[in-house]
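# Remarks on the overall topology
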Amino acid sequence: QLSLIQHLGCGSTHSFPLQKCHLQELDHERSALRHQQKQLQHQHGQLQADQAAKQTRLSELNDKCRDVQMLKFGQVIDVSLLDTIGIRNKGADELKETLKQQV
């Protein structure tokens, strides 16, 4: 049967003490974590650049929307307000239909 040290690939029990094997494992883990950190930093930078580009695009689209509304309606229209008005009218229409059916 292999000992723990041999199983971990640190050589025989006579040539490598357990502390040396553990230090090698920690060194390998540290280098892997450094590599992972560099990858994450690169990914973070890329995501920030993507977010900035999307924010710029959103700003451009908002400006375009405002310009179109000004050309078409002469004022900026609150679209969310229009959505709620449409919902209220739909509810009122459903209520009217229900009342007609009851009569």
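Here's what I pulled together on the structure shown here. The shown structure was predicted, so the numbers you read here are calculated from the model rather than taken from an experiment.

### Here's the deal with the pattern of salt bridges
Think of it this way: side chains of opposite charge can pair up when their charged atoms draw near. Across all of its chains, the model carries three salt bridges by this definition. Salt-bridge contacts for Arg 30 lead to Asp 27; the nearest nitrogen and oxygen are separated by 2.4 Å. Of this pair, Arg 30 and Asp 27 both sit in helix H2 (residues 18-73), three residues apart, which is roughly one turn of that helix. Judged by relative accessible area, which is 44%, Arg 30 ranks as partly exposed. Taking relative accessible area as the criterion, Asp 27 reaches 40% and is therefore assigned partly exposed. The residue Arg 66 makes a salt bridge to Asp 63 at a minimum N-O spacing of 3.2 Å. On the criterion of helical spacing, the pair formed by Arg 66 and Asp 63 is a turn pair, its members being three residues apart in helix H2.

### A look at a nonpolar patch on the surface
Where nonpolar side chains cluster on the molecular surface, the patch consists of Leu 81, Leu 82 and Ile 85 and spans about 250 Å² of accessible area. Mapped onto the fold, Leu 81 is located in helix H3 (residues 79-102). On the accessibility criterion, Leu 81 (45% relative accessible area) is partly exposed.

How each quantity is defined
- Residues numbered from 1 in each chain as written.
- Predicted model: local features only at pLDDT ≥ 70, side-chain atom pairs only at ≥ 80, totals over all residues.
- Heavy atoms only, no water.
- Salt bridge = Lys/Arg side-chain N within 4 Å of Asp/Glu carboxyl O.
- Helix = DSSP H or I, 4+ residues; strand = E, 2+ residues; numbered from the N terminus.
- Buried < 20%, exposed > 50% of the residue type's maximum accessible area, 1.4 Å probe, protein only.
- Patch = residues over 30% accessible without salt bridge, like charges linked within 9 Å, V, L, I, M, F, W, Y side chains within 5 Å.
- Areas by Shrake-Rupley, 256 points an atom, 1.4 Å probe, with all protein chains shown as cover.

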